[in-house]
Amino acid sequence: MKQPVFKHFHLSRSDKTRRRPSMPDHSQSKEAAKSGSSVFRRISLNPVKCTDGAFPQILHNQKLIKSVLFLTFAFFLGAGAGKFSHHQKIRTVNSTAVIQASSTAESNWGLSFPENGKPPVANTTAEALKAYDAYYIDEAGEKVIYLTFDAGYENGNTPAILDALKKHNAPATFFLVGNYITTSPDLVKRMVEEGHTIGNHTYHHPNMSQISTEEAFSKELNDLEALCQQTTGQPMSKFYRPPQGKYSETNLTMAKKLGYKTFFWSLAYVDWYEDKQPTKEEAFNKLLNRIHPGAIVLLHSTSKTNGEILDELLTKWEEMGYTFRSLEQLVQEEGNAS
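**A look at the overall build of the chain**
Scanning the chain for helices and strands turns up eleven helices and twelve strands. Every one of the 338 residues in the chain was classed for burial, and the buried ones make up 44%. Across the chain, contacts joining residues at least 24 apart in sequence account for 75% of those joining residues at least 6 apart. A total accessible area of about 18,600 Å² is found for the chain, and carbon and sulfur atoms account for 54% of it.

**Side note on the packing of helix α4 (residues 158-167) against helix α10 (residues 304-319)**
Where α4 contacts α10, the axes come no closer than 8 Å and their chain directions differ by 10°. Judged by the angle between their axes, α4 and α10 are roughly parallel. Side by side, α4 and α10 meet where A160, I161, A164, L165 and K167 of the first sit next to G307, L310, D311 and L314 of the second.

**Focus on the pattern of salt bridges**
Opposite charge on two side chains lets them pair, provided their charged atoms get close. Evaluated as defined, the whole model comprises 14 salt bridges. K130 is the partner of E334 in a salt bridge, and the nearest nitrogen-oxygen pair spans 3.9 Å. You can see E334 sitting in helix α11 (residues 327-337) and its partner K130 sitting in the loop between α3 (126-129) and β4 (134-135), a full 204 residues away along the chain. E334 sits in the partly exposed class, given a relative accessible area of 21%. In this structure, a network of salt bridges that share partners links the residues E127, K130 and E334.

**Some points on the pairing of strand β6 (residues 172-176)**
In terms of burial, β6 is largely enclosed, as five of its five residues are buried. Side-chain alternation along β6 places A172, F174 and L176 on one buried face and T173 and F175 on a second face that is also buried. In this fold, strand β5 (residues 144-151) hands off to α4, which returns the chain to β6; that crossover is right-handed. Bridge analysis of β6 against strand β7 (residues 197-200) gives four bridges, and the strand direction is parallel. Considered in β7, the bridge of F174 is made with I198.

**Some words on the packing of aromatic side chains**
With the rule as written, the count across this model stands at ten aromatic pairs. Consider the rings of Y247 and F264, whose centres lie 5.1 Å apart with planes at 65°: the pair is edge-to-face. Of this pair, Y247 sits in strand β9 (residues 246-247) while F264 sits in the loop between β10 (261-263) and α9 (280-289), placing them 17 residues apart in sequence. Just as Y247 is buried, F264 falls in that class too. Here the aromatic residues W109, Y136, Y247, F264 and W265 are joined through ring pairs into a cluster of three or more.

**Quick look at helix α7 (residues 214-232)**
For α7, spanning 19 residues, the distance from its first C-alpha to its last is 27 Å, which sits close to the expected 27 Å at 1.5 Å a residue. Looking at α7, one finds that the buried residues are F217, S218, E220, L221, L224, E225, L227, C228, T231 and T232. Following α7 by one or two positions, G233 has its phi on the positive side, about 80°.

**Quick look at the nonpolar core**
With 67 residues, the main nonpolar core has L147, L165, F174 and W317 as its most contacted residues. With six residues, β5 is the single largest residue contributor to this core. Setting aside residues no more than four positions away along its own chain, W317 makes contact with I145, L147, L287, L288, I291, V297, Y322 and F324. Counting residues in each nonpolar core, the second largest holds eight residues, with M208, F217, Y240 and Y260 among its members.

**Observations concerning unusual backbone geometry**
Located in the positive-phi region is T202, a residue other than glycine, with phi close to 80°. Relative to the helices and strands, T202 is located in the loop between β7 and α7. The buried category is assigned to T202, whose relative accessible area is 0%. In the Ramachandran plot, Q244 falls in the positive-phi region, its phi being about 60° despite a non-glycine side chain. Its location among the elements puts Q244 in the loop between β8 (239-240) and β9.

**Focus: α11**
Every buried residue of α11 is accounted for by L327, L330 and V331. End-on view of α11: buried residues confined to an arc of 95°, all on one side of the axis. In α11, the exposed positions angled more than 90 degrees off the buried face are occupied by Q332 and N336. Check the buried side of α11 and you find it contacts β4, β5, β6, β8, β10 and β11 (295-300).

**Some words on the side chain of D271**
Here D271 lies in the loop between β10 and α9. Buried charge without a salt bridge: D271, with R241 as the nearest opposite-charge side chain at an N-O distance of 9.8 Å. For D271, the residues in contact, after removing those within four places along its chain, are Q277, P278, L299, H300, S303 and N306.

The rules behind the values
Counting from 1, residues in each chain are numbered in the order their sequence is written. Confidence filtering applies because this is a predicted model: local features only for residues at pLDDT of at least 70, side-chain atom pairs given and counted only at 80 or more, and all residues used for totals across whole chains, interfaces and linings. Side-chain numbers come from the whole structure's heavy atoms, not from hydrogens or water. Comment: elements are numbered from the N terminus, with helices defined as DSSP H or I runs of at least four residues and strands as E runs of at least two. For the exposure calls, accessible area comes from a 1.4 Å probe over protein chains only, and a residue counts as buried if that area is under 20% of its type's maximum, exposed if over 50%, partly exposed in between. Any two residues having at least one pair of non-hydrogen atoms within 4.5 Å are treated as being in contact. For the area figures, the Shrake-Rupley method with a 1.4 Å probe applies, and any residue is considered shielded solely by the protein chains shown. Angles run from 0 to 180 degrees between N-to-C directions of axes, and those axes are lines fitted to C-alpha atoms, restricted for helices to the stretch in contact. Should an angle fall under 35 degrees it is called roughly parallel, over 145 degrees roughly antiparallel, and 65 to 115 degrees roughly perpendicular, with every other angle called oblique. Any Lys or Arg side-chain nitrogen located within 4 Å of an Asp or Glu carboxyl oxygen qualifies as a salt bridge. With the strands pointing away from the viewer, any crossover whose connection runs clockwise from the first strand over the helix to the second is right-handed. Pairing between strands is defined by DSSP: at least two bridges between the two strands are required. Ring pairs shown here join Phe, Tyr and Trp side chains whose ring centres sit within 6.5 Å, with only the six-membered ring taken for Trp; geometry is labelled stacked below 30 degrees between planes, edge-to-face above 60, and tilted in between. Given a helix with a known number of residues, its expected span is that number minus one, times 1.5 Å. Remark: nonpolar core denotes a set of buried residues (Ala, Val, Leu, Ile, Met, Phe, Trp, Tyr, Cys) joined through side-chain atoms within 4.5 Å. Arc definition: it is the arc formed by the directions from the helix axis to the C-beta atoms. His is not counted here, nor are the chain ends, while Lys and Arg score as positive and Asp and Glu score as negative.

So, in structure tokens, the structure goes:
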């Protein structure tokens, strides 16, 4: 039976080239100026001989000129004030680090990378997320990587991923859904036996930001938690990752109320299309150039490319001076720091 394919939108702002806003089309204005149809062309500024009856017309033209100049000045003054106000608002939002979502409005987790090797700019700050027991990066500045994998179904790549992790003694967190646990219980047990963490990616992988009741929200998490414990014989770590990176402030509050830590990410790339896998070169271009201290890396276990390159990728990261830690260590360090 064909396994369901989960659609993701993780990289809407981090992995695609941003388009600049379209510039205004001035071609019509230029043509009008050439043809003499401009409003300024219709007003004669040449000296006018004051013949009988002409003086009132001169006054009329002068008044019209003053009116046009006044309106032009007012327009540019207003436009400048509008731009100033717009930039002031942007600076205000950035400085206060407000989560860019209202209490119930849906928001997509997004990243941009102004400079390779440096932490990205995210929807909000790590400091703002702390109010919800949520994380996306370790800001301590150490060359540490936290590996995480989202797994919606199994297509044969996870064994190679686990082999590479074991070879490098690298702990990872696997965010699983109900379908994965029910169809691949042996792999889930292997993850736990080899020291990895099972995280909650919800039972059915819905858009959780569209769930407004605590009852429905908690059922998605509690049902997966129960299934995981039934399968592994161990209680599940209360680590939650919103499906598709869609969230709301209400969701984050609900997760915290249930005792969960929410984990976004600071590095990912487009690896989830099974029929359009990135090449090794494309993967390395993103994952090596954009790695940064304290990165929480999101990879998909369904990616054939990830299964093939992970051993070499981990080796290259180690050669760059990075080590690997678990999300449990990150939570513990944050707790000790506070």
